[in-house]
Structure formats: structure tokens, C-alpha cells
Amino acid sequence: MYNPKSLKAEEFINHEEILDTLAYAESNKDNYELIHSIIEKAKERKGLSHRDASVLLACDNEEIIQEMYDLAEQFKKDFYGNRIVMFAPLYLSNYCVNGCVYCPYHMKNKHIPRKKLTQEEIKREVIALQDMGHKRLAIEAGEDPVNNPIEYILECINTIYSIQHKNGAIRRVNVNIAATTVENYRKLKDAGIGTYILFQETYHKESYEKLHPTGPKHNYAYHTEAMDRAMDGGIDDVGLGVLFGLELYKYEFAGLLMHAEHLEAVHGVGPHTISVPRIKRADDIDPSTFDNGISDEIFAKLCALIRISVPYTGMIISTRESKSVREKVIRLGVSQISGASRTSVGGYAEAEPEDESSAQFDVSDNRTLDEVVHWLMDMKYIPSFCTACYREGRTGDRFMALCKSKQIQNCCHPNALLTLKEYLMDYASPDTKKLGEELIERELENIPNPKAREVCIENLKKIEEGQRDFRF
Ligand code: SAM
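Residues numbered from 1 in each chain as written. Predicted model: local features only at pLDDT ≥ 70, side-chain atom pairs only at ≥ 80, totals over all residues.

Section: the overall build of the chain
Within the chain one finds 20 helices and nine strands. Taking 472 residues into account, the globule formula puts the C-alpha radius of gyration at 23 Å, and the chain, at 21 Å, falls close to it. Based on the C-alpha atoms only, the size of the chain along its principal axes is roughly 60 × 55 × 40 Å. Looking at the 472 residues of the chain, the share that counts as buried comes to 52%. Once local pairs closer than 6 in sequence are excluded, the contacts in the chain between residues at least 24 apart make up 78%. (Helix = DSSP H or I, 4+ residues; strand = E, 2+ residues; numbered from the N terminus. Rg over C-alpha atoms; globule rule 2.2 N^0.38 Å. Buried ≥ 20, exposed ≤ 12 C-beta atoms within 10 Å, placed from the backbone. Contact = placed C-beta atoms within 7 Å.)

Quick look at the structure:
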């Protein structure tokens, strides 16, 4: 039985409820009266239920899809302004005991080089990342209780936070590791992590079990209930995601929104972020062997509908996507992107030899961080290296309250400008610096509160004089 408040995976992600939702959506996909009423509901900015959102996803009327895009663009502007938060992944270890059929780190892969960074290697990687200008990382690791126990992950987090090289610092470490226990989540929380990210991969239980034939990840309930344990362990920023291409996208979309509804119903706070990865070519993985790949058009529609359906949830796009796809979906509601990523274990400090690649998947956007920053500013976006919220204790419902209170423009906007200024002073090429200085000048006007603007101007000056790390 479907129950969003249940703590049992199969009740809050209920297969029958998803099938009913898809049938309802299919039978109403040309019901323009209903569709318009849903769009009107969306305009209230309180989000949409999985049922309503699924009707919009089923609708293939070009004009209405354009309306959805326009609304997503409007929401993006109103909730996130023109800021785009920057991050990079850092792969710690690709030792893995699971059998995920889409991932080259699966246990049966005997030829991929297995690597685990030592603390010394982490130091080199982090310095390389700091030297690009990164302030926020997402750490990634395979699941292996012997090679990558929680103690190893905690030690790595500690090392990462402790490295201060020139003006560099990693100020927020998000963590993407396999589902674990409440006790371990508490340890991650105590280590000062930002968001705990775990992709569901697929919400379809039967497919999930086939796609994860062996290893601890085979357990659908344990994986699906992980976010509840993370929240019980005190982590209130959690990041959801589906690996698009594994199952039917309409099924996944309904499941994703049901998961968000469940977190809201049980913990009073929805997901902090949603990621939308698509399967990519990798070592022994050929994406064309998966039947459910989605086109760029469907991908954009999904992004727009996520934006409309969960307006207060950040959306993340990685370098799995090309420059042109990223360009399209940033407009539709993406709030965070990675730049200059390496998906191998090591590779920032020193490039890996091609024939010994430990990469998890091929990236489509290979530009440097400076190029990505320049490109964003050319499109009038503000690349933001801000990490203030969780350092100020604005996590979970406190962050959501900030979003809802419209104070974001007096808080996130100046923080974006201040951290961009640091980037321009310390890492940017002359061309990027020039463009950035002009952008900051222009964007100061968009801080509504005169006092906040004044403080921001003062702090920008202090950054020029050599001080760092100001935040609202
Ligand atoms: N091992 C951890 C786990 O089990 O959740 C998480 C880290 S894994 C490095 C990060 C994510 O990469 C996975 O959750 C999966 O969705 C994604 N991934 C795996 N193989 C991929 C591929 N071939 N193409 C694109 N993304 C992939």
C-alpha cells in the first residue's frame, strides 16, 4: 500500500502507485483543461505532486512544453537568480565489491586498475583542485568495507579540510558513498560534510535487483531507505538522483518525486539537491546496451519539470553532459555544475596514462575551470564558489526557509560575488578576470538591501587587499 510517511521502501516508493500514476498521466496527456490547471497550480510555487507532474511529463504538445520551459526559466530566475554554484568530484578509491552492471568499477572487472588514494596523494589532488580555484568537492568512492571503510572516508575528509595552500581552501565536502548505517552517517555529519549524495540509480525494484546482481547494493530496501538513515544520523542535506537510461524515464521521474515527497512527509524537509546523470561510455560499459536512453529533448523536459515540481531543491549537472546540453539545461533550472572534472582515482595532480585509466565514465565537457567560468559569465551567469550556508548552519529546513523568504538575493547573491572575486584575484586568466570584474560591478546593483550592498562592497575591497573568506 502506498504511504509517503512509511519508512518502508516499497510503501513510499510504491510500484502500484507509480503504475497508476503513469496510467493516469497517459490517459490525461491530451486533457488540456487538466494540464492548464496543473500549470496554474505550479505557478503558486509550492511544487507539484508526482501525479500532476507526471501528467505534464506525458504531455507532448509543443506549445505546452514551451510553457513548461518558460515557467522553469522563471522559477530558476526567481529562486536561484543567475548564480551557478561550482564544484568538482574527487574520486578516492575505485575498489568495489558490488556488481552494478552499468559501472566499470563492478567487482568482476579484473583489468581496470584499482586505486585508492593515500593521504599524501589526496593532498596533491586537493592542492591541484585548489590551484584551479575550487572550494567545494564531492568525494566519491566504491563500496568496499575492507579497502574503503568509513574510517578511511573520515580520514580523507579530515585531510581535505586541513589543506591550506596559498589562498586555497576546500570549504565544503559533499559525500557520495554507498548506503550505510545511521552510526556511520552520524560520523560523516560530525566530520563536517555538506550534502550526503546517493543516487537511487533506478526506483524500479525488479530492475534494480537485476542491475545490482551481487554485493550489498543488491538490497533495494537498504539502498532506498538510506536517506532516512542519513537524516536520522543528523545529516539534513541529502541529494537524490536517478541514473537515466537504466529504466523508463517516466517511471523514474514519478519515483524521484515520490522520494522527495516522502522526505518532506517524514522529516519535514525535502532533498537539498537532485542530480540527473545519464549513463556514459566507460571502460567495459557500452551505454547502447541499455534500452532506456533518453534524448536531449526529453532530458531538458525532465530538468524543466524537476525545477517546477520541487522549486526549492537545487539541481546538479555534471560533466557527463556536453557544453551544449549544459547550456540548454542551465537555463531551465540547474543550480550547480561541476567543472574540469576527472572521474578517475587521481588525475588532477598528474594526468593518468590513457591505457591505464581508472575512470568511472567518459566526460563530455573537458574544458578547464577557467573556460567554464568564462563561458558562464559570457552567458551572464555568476559562477559562485560559495559554501556559506552549511558553515552558517543554514541546512535542511533553515536553508529551505531562506529560499522561501526571498532573502536569498541579499545573502546568496553577495556571497556569489565575494567568492567570484576571490576566484578572479587568485586563479583567473586575464581575460576571465576582466569579464568577471565587469560582471561584479553590474551585479552589485542587484543586491536589494542597501546595507548588504554596502557590506559587500567593503568586503570586495578587503579581498583586493588580500583578505579572504567573507560570507553573509
Ligand atoms: N559507489 C557509490 C554508490 O554505490 O552509490 C557512489 C559513487 S559512484 C562513484 C557515483 C555514481 O556514478 C553512481 O551512483 C552512478 O549513478 C554513476 N555511474 C556509475 N556508472 C556510470 C556510467 N557508466 N555512466 C554515468 N554514470 C555512472
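A word on unusual backbone geometry
Positive phi, normally seen in glycine, also occurs at alanine 340, with a value near 60°. Position of alanine 340 relative to the elements: it lies in the loop between strand E8 (336-338) and helix H15 (369-378). The phi angle at aspartate 469 is positive, at roughly 65°, despite the residue not being glycine. Structurally, aspartate 469 can be placed in the segment after helix H20 (450-464).

Brief notes about helix H12 (residues 249-267)
For H12, which comprises 19 residues, the first-to-last C-alpha distance of 27 Å matches the rise-based estimate of 27 Å (1.5 Å per residue) to within 8%. Trailing H12 by a residue or two, glycine 268 shows a phi angle of about 75°, which is positive. (Expected span 1.5 Å × (residues − 1).)

Topic: the site of the ligand
Lining the immediate environment of the ligand, one finds 21 residues, of which Cys103, Phe199, Leu243, Lys280 and Phe361 sit closest. Partitioning the shell around the ligand into residue classes produces 12 nonpolar, three polar and six charged. (Near = placed C-beta within 6 Å. Nonpolar A, V, L, I, M, F, W, Y, C, P; charged D, E, K, R; others polar.)

Things to note about the packing of H15 against helix H19 (residues 430-444)
Contact pair H15 / H19: the axes reach a minimum separation of 10 Å and the direction vectors enclose 35°. For the element pair H15 and H19, the recorded crossing hand is left-handed. Of the residues in H19, those touching H15 at Asp370, Val373, His374 and Met377 are Asp431, Thr432, Leu435, Gly436 and Leu439. Counted by class, the contact of H15 with H19 contains four nonpolar, three polar and two charged residues. (Axes fitted to C-alpha atoms, helices over the stretch in contact; angles between N-to-C directions. Left-handed = near helix turned anticlockwise from the far one by under 90°.)

Remarks on the pairing of strand E2 (residues 136-141)
In terms of residue burial, E2 counts as a mostly covered element, since six of its six residues are buried. Residues Arg136, Ala138 and Glu140 of E2 are buried on one face, and the alternating residues Leu137, Ile139 and Ala141, pointing to the opposite face, are buried as well. Across five bridges, the pairing between strand E1 (residues 83-93) and E2 is parallel. Paired with alanine 88 across the two strands is leucine 137, which belongs to E2. Each parallel crossover has a hand, and the one from E1 via helix H6 (residues 119-132) to E2 is right-handed. (Pairing = 2+ DSSP bridges. Right-handed = clockwise from strand over helix to strand, strands pointing away.)

Remarks on the packing of helix H2 (residues 15-27) against helix H4 (residues 50-58)
The relative placement of two packed helices comes down to the angle between their axes together with the axis-to-axis distance. Where H2 contacts H4, the axes come no closer than 8 Å and their chain directions differ by 45°. Viewed along their axes, H2 and H4 adopt a mutual orientation that is oblique. Handedness of the H2/H4 crossing: right-handed. The residues of H4 that touch H2, namely those facing Thr21, Leu22, Tyr24, Ala25 and Glu26, are His50, Arg51, Ser54, Val55, Leu57 and Ala58. Considering only residue class, the contact of H2 with H4 consists of six nonpolar, three polar and two charged. (Parallel < 35°, antiparallel > 145°, perpendicular 65-115°, else oblique.)

Here we look at the domain arrangement of the chain
According to the domain assignment, the chain consists of domain 1 (12-76), domain 2 (84-384) and domain 3 (401-464). Relative placement of domain 2 and domain 3: their C-alpha centres are 28 Å apart. Domain 2 puts 12 residues into the contact, and the matching count from domain 3 is 17 residues. Those elements giving two or more residues to the side of domain 2 that touches domain 3 turn out to be H15 and strand E9 (382-384). Ranked by the residues each element gives to the side of domain 2 that touches domain 3, the list is headed by H15, at four residues. Its residues assigned to classes, the side of domain 2 that touches domain 3 shows six nonpolar, four polar and two charged. (Domains from an automatic or database assignment.)

Some words on the pairing of strand E5 (residues 238-241)
What you see with E5 is no split at all: Val238 and Leu240 on one side and Gly239 and Gly241 on the other are buried throughout. Sheet topology note: the strand E4 (residues 196-197)/E5 ladder contains two bridges and is parallel. Following the sheet pairing, isoleucine 197 is matched in E5 by glycine 239. With three bridges joining them, E5 and strand E6 (residues 273-275) adopt parallel strand pairing. The partner of glycine 241 across the bridge, within E6, is serine 275. Handedness of the crossover is the feature at issue here: the chain leaves E5, passes through H12, returns alongside E6, and the resulting connection is right-handed.

Some remarks on the nonpolar core
Core analysis: the biggest nonpolar cluster contains 143 residues, and Leu137, Tyr196 and Cys303 have the highest contact counts within it. Considering each element in turn, this core owes the most residues, nine residues, to H12. Residues within four places of cysteine 303 in sequence aside, it is in contact with Val276, Met315, Val329, Leu332, Gly333 and Val334. (Core = buried A, V, L, I, M, F, W, Y, C linked by C-beta atoms within 7 Å.)

A short note on the environment of lysine 43
Within the fold, lysine 43 resides in the loop between helix H3 (32-42) and H4. Here lysine 43 falls in the exposed class, since 12 other C-beta atoms lie within 10 Å of it. In the structure, lysine 43 is positioned 39 residues away from asparagine 82 in sequence and 20 Å away in space, judged by C-alpha atoms.

Structural notes on the confidence of the model for the chain
Residues with a pLDDT of 70 or more make up 100% of the chain, whose mean pLDDT is 97. Mean pLDDT values over the elements of the chain span from 82, in helix H17 (residues 396-404), up to 99, in helix H10 (residues 220-224). (pLDDT = per-residue confidence, 0-100.)

Details of the environment of glycine 233
Note that glycine 233 resides in the loop between helix H11 (226-232) and E5. Given 20 C-beta atoms within a 10 Å radius, glycine 233 is considered buried. Once the C-alpha coordinates of glycine 233 and tyrosine 185 are considered, the two residues, 48 residues apart in sequence, prove to be 5.1 Å apart. The residues touching glycine 233, leaving out its near neighbours within four places in the chain, are Val182, Tyr185, Arg186 and Lys189.

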